[in-house]
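# Analysis of the macromolecular model
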Amino acid sequence: MDTLTAVKERLLELCDRYGFSLNQLAVRANVPPSTVKNIIYGKSLNPGIVTLKQLCDGLGISLAEFFDCADF
């Protein structure tokens, strides 16, 4: 699995775990909903670390927790 797919799958997994829709995550993370959807649907080929940190903040987890799975 490539890194972009791993990021997408991890975001979907965490949204499911914490009960957030993609839109709810975007609002909580203070990023445009289009940013989250672009990551999920493959339009964003290189989501930046700042964006990932904001998404982690929205989920209430650290970057280390985000990357703490077998896919990475």
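Residues numbered from 1 in each chain as written. Predicted model: local features only at pLDDT ≥ 70, side-chain atom pairs only at ≥ 80, totals over all residues. Heavy atoms only, no water.

## Thoughts on the overall build of the chain
Here is the rule: Numbering goes from the N terminus for both helices and strands, where a helix is a DSSP run of H or I of at least four residues and a strand is a run of E of at least two. Computation of the radius of gyration draws on C-alpha atoms alone. For the globule rule, the value is 2.2 Å times the number of residues to the power 0.38. Whether two residues are in contact is decided by their heavy atoms: any pair within 4.5 Å suffices. Values of accessible area rely on a 1.4 Å probe in the Shrake-Rupley scheme; residue burial ignores everything except the protein chains shown. Positive charges come from Lys and Arg, negative ones from Asp and Glu, while His and the chain ends are left out of the count. The atoms used to mark charge sites are NZ of Lys, CZ of Arg, CG of Asp and CD of Glu.
When its secondary structure is counted, the chain shows five helices and zero strands. Along the chain, helices (α) and strands (β) appear in the sequence α-α-α-α-α when read from the amino end. Taken against the 2.2 N^0.38 rule, which gives 11 Å for 72 residues, the C-alpha radius of gyration of the chain at 11 Å falls within 12% of a compact globule. Principal axes of the C-alpha set define a box for the chain whose edges measure 30 × 25 × 20 Å. Long-range contacts, defined as pairs at least 24 residues apart, comprise 59% of the intrachain contacts of the chain with a sequence gap of at least 6. As presented, the chain carries roughly 4,300 Å² of accessible surface, and 50% of it is formed by carbon and sulfur atoms. Taken together, the 7 basic and 8 acidic charged side chains of the chain have centroids lying 8 Å from each other.

## What to know about the packing of aromatic side chains
Applicable threshold: Any two rings among Phe, Tyr and Trp, with Trp reduced to its six-membered ring, count as a pair given centres within 6.5 Å; such a pair is stacked if its planes are under 30 degrees apart, edge-to-face if over 60, and tilted if neither.
Tallied over the full model, the rule gives three aromatic pairs. Note on Phe 66 and Phe 67: the rings are 5.0 Å apart at their centroids and 85 degrees apart in plane angle, and the pair reads as edge-to-face. Summarising the aromatic geometry, the rings of Phe 67 and Phe 72 are spaced 4.8 Å apart at their centres and angled 80 degrees between planes, so their arrangement reads as edge-to-face.

## A word on the pattern of salt bridges
Inclusion rule: By salt bridge we mean one thing: a side-chain nitrogen of Lys or Arg within 4 Å of a carboxyl oxygen of Asp or Glu.
Under the counting rule described, the total for this entry stands at three salt bridges. We note a salt bridge from Asp 57 to Lys 53, for which the minimum N-O separation is 2.6 Å. Here the residue Asp 57 and the residue Lys 53 both occupy positions in helix H4 (residues 49-59), the gap between them amounting to four residues, near one helical turn. A network of salt bridges, in which partner residues are shared, links Arg 10, Glu 13 and Arg 17.

## What to know about the environment of Met 1
Selection rule: Residue burial is assigned from relative accessible area. The probe radius is 1.4 Å, only protein chains are included, and a residue is buried under 20% of its type maximum, exposed over 50%, and partly exposed in between.
Mapped onto the fold, Met 1 is located in the segment before helix H1 (3-18). Under the relative-accessibility criterion, Met 1 is labelled exposed at 65%. In this structure, the C-alpha to C-alpha distance between Met 1 and Phe 72, residues 71 residues apart in sequence, is 9.2 Å.

## So, the nonpolar core
Inclusion rule: To form a nonpolar core, buried Ala, Val, Leu, Ile, Met, Phe, Trp, Tyr and Cys residues must be joined to one another through side-chain atoms within 4.5 Å.
In this structure, Leu 11, Val 36, Leu 55, Leu 59 and Phe 66 are the most contacted members of the largest nonpolar core, which totals 19 residues. Going through the elements one at a time, H1, helix H2 (22-29), helix H3 (33-40) and H4 are the ones with two or more residues in this core. Ignoring any residue separated from it by four or fewer positions in sequence, one finds Leu 59 in contact with Leu 11, Leu 14, Cys 15, Tyr 18, Phe 20 and Leu 25.

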